[in-house]
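Fold and geometry: a report
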Amino acid sequence: MKKLSVVIPAYNEEKMVPKTAKTVSGLLKAHQIPYELIFVNDGSKDGTWQEIEKAVSTYPGITGVQFSRNFGKESAILAGLATATGDCCAVMDCDLQHPPETLLEMYRLWSEEGYEIVEGVKHSRGKESALHKASAGMFYKIMTKAVGIDMSRASDFKLMDKKAVEALLVMPERNTFFRALSSWIGYRTTSVEFDVQERVE
Ligand code: UDP
Ligand code: MG
């Protein structure tokens, strides 16, 4: 069985780190998937780092990366990918808005069907205001045109083969938009739909 790394960017997530560490490691263990979880503390102002340290000593296979200040989610994702040692690598939010069970289907599509990138595509945009939906719609219309790939339901929730991760990491761009760049680099790609969950606190 090949190892799955899960990169989890975390900014002010002290309440969610223990829940996410428990839920995701429990799920992967139950399905006998070898894993590591990499929590990247993106300069949080709360006790996120202390919670990551606790998770590291509570569960096997957890690593923490510590930023000196808040650099933003894109940088946190890239630092996590650079630290990952798995044969494939997933990226997911720390607030469980990306349903962890979807990781199982992503892993299956990679390990059994040979896809090199599995994109998480939003089935619905969850509970967002009409204004937010409209402005996000406009933003993705422009992005779709720029990238040449439909970005309207794209997300940062995805799984990539180690090869694709390496290709992404050698790109000179440092100020990136991960969800678009990971589509742009090519590779054998498929997608799975997921419903954006409500943020639980
Ligand atoms: N995040 C981060 N750095 C930031 C802002 C957010 O690492 O500067 C993380 C956050 O902890 C979460 C993910 O990025 O794991 C998505 O953030 P959020 O839930 O705020 O965004 P949304 O759900 O609105 O996309
Ligand atoms: Mg969120």
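Just so it is clear, the structure is predicted and the values come from calculations on it, not from any experiment.

**Let's talk about the pairing of strand 3 (residues 62-66)**
- The pairing of strand 2 (residues 35-41) with strand 3 spans five bridges and is classified as parallel. Among the inter-strand pairings, V40 is bridged to a residue of strand 3, identified as V65.
- Since strand 2 and strand 3 lie parallel, the crossover through helix 2 (residues 48-58) that links them has a hand, and here it is right-handed.

**Description of the pattern of salt bridges**
- Tallying each qualifying case throughout the model produces 12 salt bridges.
- Residues E13 and R199 are paired through a salt bridge, measuring 3.0 Å at the closest nitrogen-oxygen approach. With E13 in the loop between strand 1 (4-10) and helix 1 (16-30) and R199 in the segment after strand 7 (189-195), this residue pair connects regions lying 186 residues apart in the sequence.
- When its relative accessible area of 40% is taken as the criterion, R199 is described as partly exposed.
- For the salt bridge of K73 with D156, the shortest nitrogen-to-oxygen distance reads 3.0 Å. Of the two residues, K73 is situated in helix 3 (residues 73-83) and D156 in strand 6 (residues 154-161); the sequence distance between them amounts to 83 residues.

**Some thoughts on the coordination of the magnesium ion (ligand 2)**
- Distances from the magnesium ion (ligand 2) to its protein donors, D95 (OD) and Q97 (OE1), fall at 2.0 Å.
- We classify D95 as buried; its relative accessible area is 4%.

**Some details on the site of ligand 1**
- In the vicinity of ligand 1 there are 13 residues, among which P9, E13, D42, D95 and Q97 approach most closely.
- At 2.6 Å, a side-chain N or O of E13 approaches an oxygen atom of ligand 1.
- Residue C94 places a main-chain N or O atom 2.8 Å away from an oxygen atom belonging to ligand 1.
- Computed on the free molecule, ligand 1 has an accessible area of 530 Å², of which 67% lies beneath the protein chains in the complex.
- The residue inventory of the shell around ligand 1, partitioned by class, reads four nonpolar, three polar and six charged.

**Thoughts on the packing of helix 3 against helix 6 (residues 162-169)**
- Close contact between helix 3 and helix 6 brings their axes to 10 Å; oriented N to C, the two are set at 125°. With respect to helix 6, the element helix 3 is oriented oblique. Along this stretch, helix 3 crosses helix 6, giving a crossing that reads as left-handed. Facing L78, L81 and A82 of helix 3, the residues of helix 6 in contact are V165, L168 and L169.

**Some thoughts on the state of the cysteines**
- The tally for this structure, following the rule as stated, stands at zero disulfides.
- No disulfide involves C88; its sulfur sits 7.5 Å from that of C89, the nearest cysteine.
- Judged by its relative accessible area of 0%, C88 falls in the buried class.
- The exposure class assigned to C89 is buried, which follows from its relative accessible area of 3%.

Rules used throughout
Residues numbered from 1 in each chain as written. Chains lettered and ligands numbered in written order. Predicted model: local features only at pLDDT ≥ 70, side-chain atom pairs only at ≥ 80, totals over all residues. Heavy atoms only, no water. Pairing = 2+ DSSP bridges. Helix = DSSP H or I, 4+ residues; strand = E, 2+ residues; numbered from the N terminus. Right-handed = clockwise from strand over helix to strand, strands pointing away. Salt bridge = Lys/Arg side-chain N within 4 Å of Asp/Glu carboxyl O. Buried < 20%, exposed > 50% of the residue type's maximum accessible area, 1.4 Å probe, protein only. Donors = N, O, S within 2.8 Å, 3.2 Å for Na, K, Ca; no water. Near = heavy atom within 4 Å. Polar contact = N/O pair within 3.5 Å; in protein donor to acceptor, adjacent residues only side chain to side chain. Areas by Shrake-Rupley, 256 points an atom, 1.4 Å probe, with all protein chains shown as cover. Nonpolar A, V, L, I, M, F, W, Y, C, P; charged D, E, K, R; others polar. Axes fitted to C-alpha atoms, helices over the stretch in contact; angles between N-to-C directions. Parallel < 35°, antiparallel > 145°, perpendicular 65-115°, else oblique. Left-handed = near helix turned anticlockwise from the far one by under 90°. Contact = heavy atoms within 4.5 Å. Disulfide = S-S within 2.5 Å.

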